[in-house]
Each structure stands twice: as structure tokens, then as C-alpha cells.
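Each chain, letter by letter, is given below.
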Amino acid sequence: MRIPLVRHTVHLVNISVPFRSGIEDMTRPPSGILYVGGYLKIRGYDVVIHHIRATEIDDCISVILADDSLLFVGFSLMTGIQVTYSARMSSLLKTRNGN
């Protein structure tokens, strides 16, 4: 008798922010988390990539917390406002998840 494998899902988030000019470029894929996600997928994890705007954080949190097989959430960021948004989203995830 085979024991079914428990699948774990990793959610990777990249929050896109506008450039100084005010233009937000959502056309470039978040290559950093795509590389990490590809490696995790090869290792047997289910991976969900979220390339979102800051205005979509609440919706993204709802999607992530609805996942029954959630293992962890990772963030891709540089410096500046991306750090602020990622920290805020991380805090909201923790609060809403009850951990």
C-alpha cells in the first residue's frame, strides 16, 4: 500500500511599484522568483507566482490563505518601497492567518 504524498504549496510574491516617473511596468516577468520557483518545482513543490501591484495586496492575501496546502510565502524585493509593501503584506498574512 502506497502512502499518498502530501503536496505543499509555496507562494512567491513580487509587488511591482511605479518608477520615479510614475509609470509601473508589469510587462517584465519577475525573473528572480521565477528562478526560485522553477527550482522548487523540480524539487516537488507546487509553486504559485504572484506578480501584483500594491493595490492588489488584499486580494492576493485572500488567495494565499485559501490554499489548504500552503507551506510558506516568499517575497522578491529590492530596496525602497518594495520593502515597505512586502513587510506590510507579510504582517497582514500573519495577522489574518492567526499565527
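Throughout what follows, the structure given in this document is the object of discussion. The structure displayed is predicted, hence computed values, not measured ones. In this convention, every chain numbers its residues from 1, walking through the sequence in written order. The predicted nature of this model means local features are confined to residues of pLDDT at least 70 and side-chain atom pairs, given and counted, to a pLDDT of 80 or more, with totals for whole chains, interfaces and linings taken over all residues. To obtain the side-chain values, all non-hydrogen atoms of the structure were included, while hydrogens and water were left out.

To continue, consider helix 2 (residues 57-65). Buried, partly exposed and exposed residues are distinguished by accessible area as a fraction of the type maximum, computed with a 1.4 Å probe on protein chains only: under 20%, between the cut-offs, and over 50%, respectively. Elements are defined by DSSP. Helices are runs of H or I of four residues or more, strands are runs of E of two residues or more, and each kind is numbered from the N terminus. Along helix 2, the positions that sit buried rather than exposed are Ile57, Cys60, Ile61 and Ile64. Taken around the axis of helix 2, the buried residues stretch over an arc of 105°, which confines them to a single face. Turning to helix 2, the residues buried within the fold contact strand 1 (9-16), strand 2 (46-53), strand 3 (70-76) and helix 3 (81-97). The directions from the helix axis to the C-beta atoms form the arc being described. Contact definition: two residues touch when any of their heavy atoms are within 4.5 Å.

As for its position among the elements, Phe75 is in strand 3. The spacing of Phe75 and Val13 is 62 residues in sequence and 4.8 Å in space, taken between C-alpha atoms. Contacts of Phe75, omitting those with residues within four sequence positions, involve Val13, Ser86, Met89, Ser90 and Leu93.

Attention now moves to helix 3. Over its 17 residues, helix 3 extends 24 Å from the first C-alpha to the last, a length consistent with the 24 Å expected when each residue adds 1.5 Å. Of the positions making up helix 3, those classed as buried are Gln82, Ser86, Met89 and Leu93. On an axial view of helix 3, the arc spanned by its buried residues comes to 65°, and they lie on one face. Along helix 3, the residues that are exposed and aim more than 90 degrees away from the buried face are Lys94 and Thr95. Residues of helix 3 that are buried make contact with strand 1, strand 2, helix 2 and strand 3. Phi turns positive, to about 80°, at Gly98, one or two residues after helix 3. Expected helix span is given by 1.5 Å per residue-to-residue step, counting one fewer step than there are residues.

With respect to the element layout, Gln82 can be found in helix 3. Gln82 has contacts with Asn14, Ile15, Val17, Ser76 and Leu77, leaving out every residue within four places of it along the chain.

We now examine the pattern of salt bridges. Salt bridge, as used here: a side-chain nitrogen of Lys or Arg that lies within 4 Å of a carboxyl oxygen of Asp or Glu. Within the structure shown, the criterion is met by one salt bridge. We note a salt bridge from Asp58 to Arg96, for which the minimum N-O separation is 3.0 Å. Here the residue Asp58 occupies a position in helix 2, and Arg96 occupies one in helix 3, the gap between them amounting to 38 residues. On the basis of relative accessibility, which here comes to 43%, the residue Arg96 falls in the partly exposed class.

Positionally, Ile57 belongs in helix 2. Since its relative accessible area comes to 7%, Ile57 is described here as buried. In this structure Ile57 touches Ile15, Ile52, Tyr85, Met89 and Leu92, once residues within four positions along its chain are discounted.

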